[in-house]
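The lines below spell out each chain.
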Amino acid sequence: MTGPTASNDRLPDPGAAYGQRVALYFAAMFVIYGVLIPFLPVWLDGRGLDANEVAIVTAVPFILRLAVTPAVAVYADRLAAHRNFIIGSAWAALAASLLLGRMDGFWPILLVAAALSLAAATMMPLVEAIAVRGVRLFSLDYGRMRLWGSLSFVIVGLIVGGLIDSSGTEAALWVMVAGAVLTVVAAHALPRSAATAPDAPDAPQSRDGVAGEVLRLFRLPVFLAFLVAASAAQASHAMFYTFGALHLREQGISGAWVGALWAIAVLAEVALFAVAGSRFRNLKPDVLLAIGGAAAILRWAVMTADPPLALLVPLQLLHAFTYGATHLGAILFVARAVPDNVSGTVQALYATFASGVAMGVATWASGPIFQAYAGQGYAAMALLAATSLLASLYIRAHWSQGTI
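The rules behind these values
- Residues numbered from 1 in each chain as written.
- Predicted model: local features only at pLDDT ≥ 70, side-chain atom pairs only at ≥ 80, totals over all residues.
- Heavy atoms only, no water.
- Patch = residues over 30% accessible without salt bridge, like charges linked within 9 Å, V, L, I, M, F, W, Y side chains within 5 Å.
- Areas by Shrake-Rupley, 256 points an atom, 1.4 Å probe, with all protein chains shown as cover.
- Salt bridge = Lys/Arg side-chain N within 4 Å of Asp/Glu carboxyl O.
- Helix = DSSP H or I, 4+ residues; strand = E, 2+ residues; numbered from the N terminus.
- Expected span 1.5 Å × (residues − 1).
- Bend = angle between axes of the 7 residues up to and from the residue.
- Axes fitted to C-alpha atoms, helices over the stretch in contact; angles between N-to-C directions.
- Parallel < 35°, antiparallel > 145°, perpendicular 65-115°, else oblique.
- Left-handed = near helix turned anticlockwise from the far one by under 90°.
- Contact = heavy atoms within 4.5 Å.
- Nonpolar A, V, L, I, M, F, W, Y, C, P; charged D, E, K, R; others polar.
- Core = buried A, V, L, I, M, F, W, Y, C linked by side-chain atoms within 4.5 Å.
- Buried < 20%, exposed > 50% of the residue type's maximum accessible area, 1.4 Å probe, protein only.

*Asks:* Is there a simple way to think about a nonpolar patch on the surface in this case?
*Replies:* On the surface, a nonpolar cluster with roughly 230 Å² of combined accessible area is contributed by Leu66, Val357 and Val361. Topologically, valine 357 is positioned in helix 15 (residues 343-373).

In structure tokens form, the structure reads like this:
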């Protein structure tokens, strides 16, 4: 009897393999994000687009994703085919990134860059749904999977920044192409959604089942409070994301320190994701959302005073909570509160509201606010964070920690 037992002991852990494949995909996908988010405007400027054209190319995907991302997620949930939709989006991102290098002029670049950004944005909620399934089935640590994306983002940002200094802005595009290739490979390696039977076909959901369940959720105050809490906290970063580097330079802080401050923020986020399983396992999603809102109030309130560098470092460390805790809270809420058959759609709704509607409106509003009030305009971001905190407290008072 010792023979079979020893053989069974050597069988691979399906949960570990599942988590490793999702982590690999996060790392690959964030190579694209690590170029697209910070350096696409730099590449556009290098191609001769003016400031208004750069703003339009950057903003259009926010508008398009309002309709496209939730629609794709609904079909992925209906067909239980998140992996297949991710593979299709990864190939679309690769094709668009290759085509983008051949484009000249505003309109051709706009069309292809919008397709690239939209493909990248569509992949995120779908892989989040696969990650959440792993949390449910194998008690995987979401933070340990997700941190590889954040690390990839930091490393790629440092590499691309150096390449642009030494070789010009076109280097950013070729790193993005490489990231798209890696994403295609990692997409094909993703586990199937039917994780308990990896080789079995996924069980599709009926159209009425998905749509009806989503409509039911929108009638629940707790679910609406979740969308407000997550979206308001994420949108409170809009002014810093848009004008933070510019304002810091105006305060006399060197470019090297500006880059270091961004790295400190993302590394703090990585640290939170790394310890989430061991130290935050017993925390509740509503608590994480409340921590994110409270930390954002503090962060942006202090930023109104144009703090010196000595205070900017700890303020950037708060990014672990203002973004990291909020995002973890949102993912855990979906994992615990939302029925599994619509998790992809709800992930898309979270991404659409937080990174689309709320972030788009807050980014648009931060322009005139910053122009009129400069650093004191962070007070508006603190008000957004207060809205998030209030919504989180509502969730805490009215949610029983089970499926809603």
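*Asks:* I'm lost on helix 2 (residues 14-46) in this one. Help?
*Replies:* Between its terminal C-alpha atoms helix 2 stretches 47 Å, which fits the 48 Å expected from 33 residues at 1.5 Å a residue. In helix 2, a bend of some 65° at phenylalanine 39 exceeds every other bend along the element, and proline 41, a proline, comes one to four places later. Of the residues flanking the end of helix 2, it is glycine 48, one or two places downstream, whose phi is positive at about 95°.

*Asks:* How should the packing of helix 9 (residues 221-235) against helix 14 (residues 319-337) be read in this particular structure?
*Replies:* Helices that pack against each other are described as a pair by the angle of their axes relative to one another and the distance between those axes. It is the contact of helix 9 with helix 14, at a shortest axis distance of 9 Å, that shows an interaxial angle of 160°. Considering their axes alone, helix 9 and helix 14 lie roughly antiparallel with respect to each other. With respect to the hand of their crossing, helix 9 and helix 14 are arranged in left-handed fashion. Packed against helix 9, whose contacting residues are Val222, Phe223, Phe226, Ala230, Ala233 and Gln234, the element helix 14 presents Thr322, Tyr323, Thr326, His327, Ala330, Phe333 and Val334 at the interface. Per-class residue counts for the contact of helix 9 with helix 14 are nine nonpolar, four polar and no charged.

*Asks:* Help me understand the nonpolar core in this model?
*Replies:* Soluble globular proteins tend to bury their nonpolar side chains together. Membership of the largest hydrophobic core comes to 78 residues, with the highest contact counts inside it found for Val22, Tyr25, Phe26, Met29, Ile32, Leu100 and Val127. Contributions of two or more residues to this core are made by helix 2, helix 3 (51-79), helix 4 (82-100), helix 5 (106-138), helix 6 (142-167), helix 7 (170-189), helix 11 (255-279) and helix 14. Not counting the four nearest positions on each side in its chain, leucine 100 is found in contact with Trp43, Arg47, Ile109, Val112, Ala113, Leu116, Leu173 and Met176.

*Asks:* What should I look at first to understand the pattern of salt bridges in this one?
*Replies:* Oppositely charged side chains can form a pair if their charged atoms are brought close together. Here the structure, examined in full by the defined rule, presents six salt bridges. Aspartate 104 serves as the salt-bridge partner of arginine 47, at 3.4 Å between the closest nitrogen and oxygen. Of this pair, arginine 47 sits in the loop between helix 2 and helix 3 while aspartate 104 sits in the loop between helix 4 and helix 5, and the two are 57 residues apart along the sequence. Its relative accessible area of 57% is what places aspartate 104 among the exposed residues. Where arginine 47 meets glutamate 170, a salt bridge forms, and the shortest distance between an N and an O atom there is 2.8 Å. One end of the pair, arginine 47, is in the loop between helix 2 and helix 3; the other, glutamate 170, is in helix 7, and 123 residues separate them in sequence. Here the salt bridges do not stand alone but share partners, grouping Arg47, Asp104 and Glu170 into one network.

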